[in-house]
Amino acid sequence: MSLDTARNPTDTDRTRTATERPAPAKGAGLGVLLALLATVVWSGSFVVARALHDTVPPVQAAFWRWIVALLAVAPLAARETWRQRHLIRRHLRFLTLASLLGITVYNTLVNQAGTATSAGNMGMIMAASPVLMAVFARLGGNRLGPRRTTGMLIACAGVLLLVSKGSLAPDLAVGDLWVMAAAVCFASYSALLKRRPAELGGLAFLFTTFVLGTLMLLPAYGISLAVQGGFEPTAGTVGPLVYVGVLSSAVAFFAWNKAVTLIGAARAGIVYYLQPVCVALLSYALLGERLGLLGGASMVLILGGVALSSAR
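Residues numbered from 1 in each chain as written. Predicted model: local features only at pLDDT ≥ 70, side-chain atom pairs only at ≥ 80, totals over all residues. Heavy atoms only, no water.

J.: Describe the pattern of salt bridges, listing the residues and the values that go with them.
T.: Applying the stated criterion across every chain yields a total of one salt bridge. Two residues, Glu199 and Arg90, come together in a salt bridge whose shortest N-O distance is 4.0 Å. Of this pair, Glu199 sits in the loop between helix 9 (174–193) and helix 10 (202–228) while Arg90 is found in helix 4 (residues 85–90), placing the two residues 109 residues apart along the sequence. Here Arg90 falls in the exposed class, since its relative accessible area comes to 56%. (Salt bridge = Lys/Arg side-chain N within 4 Å of Asp/Glu carboxyl O. Helix = DSSP H or I, 4+ residues; strand = E, 2+ residues; numbered from the N terminus. Buried < 20%, exposed > 50% of the residue type's maximum accessible area, 1.4 Å probe, protein only.)

J.: Describe the packing of helix 6 (residues 119–127) against helix 9, naming the residues involved and giving the relevant values.
T.: Think of two packed helices as two axes; the pair is described by the angle between the axes and how far apart they sit. The N-to-C vectors of helix 6 and helix 9 enclose an angle of 35°; their axes lie 9 Å apart at closest approach. As helix 6 runs across helix 9, the sense of the crossing is right-handed. For the pair formed by helix 6 and helix 9, the contact residues are Asn121, Met122, Ile125 and Met126 on the first element and Asp176, Val179, Met180, Ala182, Ala183 and Phe186 on the second. Of the residues belonging to the contact of helix 6 with helix 9, the class tally is eight nonpolar, one polar and one charged. (Axes fitted to C-alpha atoms, helices over the stretch in contact; angles between N-to-C directions. Left-handed = near helix turned anticlockwise from the far one by under 90°. Contact = heavy atoms within 4.5 Å. Nonpolar A, V, L, I, M, F, W, Y, C, P; charged D, E, K, R; others polar.)

J.: Describe in detail the confidence of the model for the chain, supporting the description with residues and values.
T.: Chain-level statistics for the chain give a pLDDT mean of 80 and a share of 81% at 70 or above. Below a pLDDT of 50 lies the segment residues 1–22, which in the model reaches 40 contacts outside its immediate sequence neighbourhood of four places, other chains included. (pLDDT = per-residue confidence, 0-100.)

J.: Just give me the short version of the packing of aromatic side chains, but keep the residues and values in it.
T.: In total, this model carries 13 aromatic pairs according to the counting rule given. Seen from their ring centres, Trp66 and Phe253 are 5.6 Å apart, and the 75° between their planes marks the pair as edge-to-face. With a gap of 187 residues between them, Trp66 in helix 3 (residues 58–83) and Phe253 in helix 11 (residues 235–272) connect regions that are remote in the sequence. Between the aromatic rings of Tyr106 and Phe186, the centroid separation amounts to 5.3 Å while the plane-to-plane angle is 40°, which identifies the pairing as tilted. Of this pair, Tyr106 sits in helix 5 (residues 92–113) while Phe186 sits in helix 9, placing them 80 residues apart in sequence. Accessibility classification places Tyr106 together with Phe186 in one group, the buried group. An aromatic cluster is defined as three or more aromatic residues linked by ring pairs; in this entry it consists of Trp42, Trp66, Tyr106, Phe186, Tyr189, Phe210, Phe253 and Trp256. Sitting over the ring of Trp66, Arg65 keeps its end group 4.9 Å from the ring centre. Stacked on the ring of Trp82, the Lys or Arg Arg85 has its end atom at 4.0 Å from the ring centre. (Phe/Tyr/Trp six-rings, centres within 6.5 Å; stacked < 30°, edge-to-face > 60°. Lys NZ or Arg CZ within 6 Å of the ring centre and 35° of its normal.)

J.: Go over the nonpolar core, please, and point to the residues and values.
T.: Ranked by size, the top nonpolar core spans 60 residues in total, and within it Tyr106, Met126, Phe210 and Trp256 carry the most contacts. Those elements that place two or more of their residues in this core are helix 2 (25–51), helix 3, helix 4, helix 5, helix 6, helix 9, helix 10 and helix 11. For this core, the element with the highest residue contribution is helix 11, accounting for 11 residues. Counting seven residues, the second largest nonpolar core, distinct from the first, contains Val48, Val56, Leu241 and Val244. (Core = buried A, V, L, I, M, F, W, Y, C linked by side-chain atoms within 4.5 Å.)

J.: Tell me about the side chain of Asn257, and please be specific about residues and values.
T.: Position of Asn257 relative to the elements: it lies in helix 11. Setting aside residues up to four positions removed in sequence, Asn257 forms contacts with Tyr189, Leu193, Arg196, Phe205 and Leu206.

J.: Describe the side chain of Thr81, naming the residues involved and giving the relevant values.
T.: With respect to the helices, strands and loops of the structure, Thr81 is situated in helix 3. Of the residues examined, Thr81 reaches a relative accessible area of 12% and is grouped as buried. Once residues within four sequence positions are removed from consideration, Thr81 is found in contact with Ile88, Leu203, Ala204, Phe207 and Thr208.

As structure tokens, this is what we get:
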């Protein structure tokens, strides 16, 4: 999801791999639709995280989310994964890192954040994750340029306004800090997708990361059970977990990974900027959360900053 920069062609630009070149018009249209689908579905997962904050412990919510996702994906992906097992062994380090960031840690942090901050705040802070992508790109040797840097600073100002509640002596909510950590994980995961082995199928990649991520969650899940106890399986707890397991995990991750393959992380990231708007509407409709003047100003700064950074 790193943001594009407007610059003169260089030898490096001319030798970029095929996966980094602009997608054909038909593929680009499909990529945008898939990125939009993932963004809308993920917006609902922030509302779910907030809705379950007092009924399902965060680690347990994350664990069962991925169990449901595995059950949903297995019939489609198990055969392909088995056929590509030699590729999985060859790229196990990469797959383990991607699983840790995108599966084990990221969603657990979002659930943890939901215990202490609003769904709207989570959506707006996460929308600034492309700024982190730009930082990663700069560390990788890419130039940012004045327009991109200005946009980053504006978006960061929006995040700071939101988490500080407009105070010069901010009392940061712990939930906002959790979701900022989640944004770092998601940005890192999306950056890693550029290095996904081209020969590894999308379903095999998805299923393998789900399996590895769930296995790495097991110790934390056991500790949560021992310390916090389990949760009562009711329609109010199981239904949301099915949603995040099937739609926010299996469907959205597959759609996002495919979108990044078709149009690149930068263009998919532009669609992702719609997330705070989707979260704000859903959280108002389902949870009764109001954005407020401060939240509205923060959203304008964040979306304006990332739009400026990503404009060609």
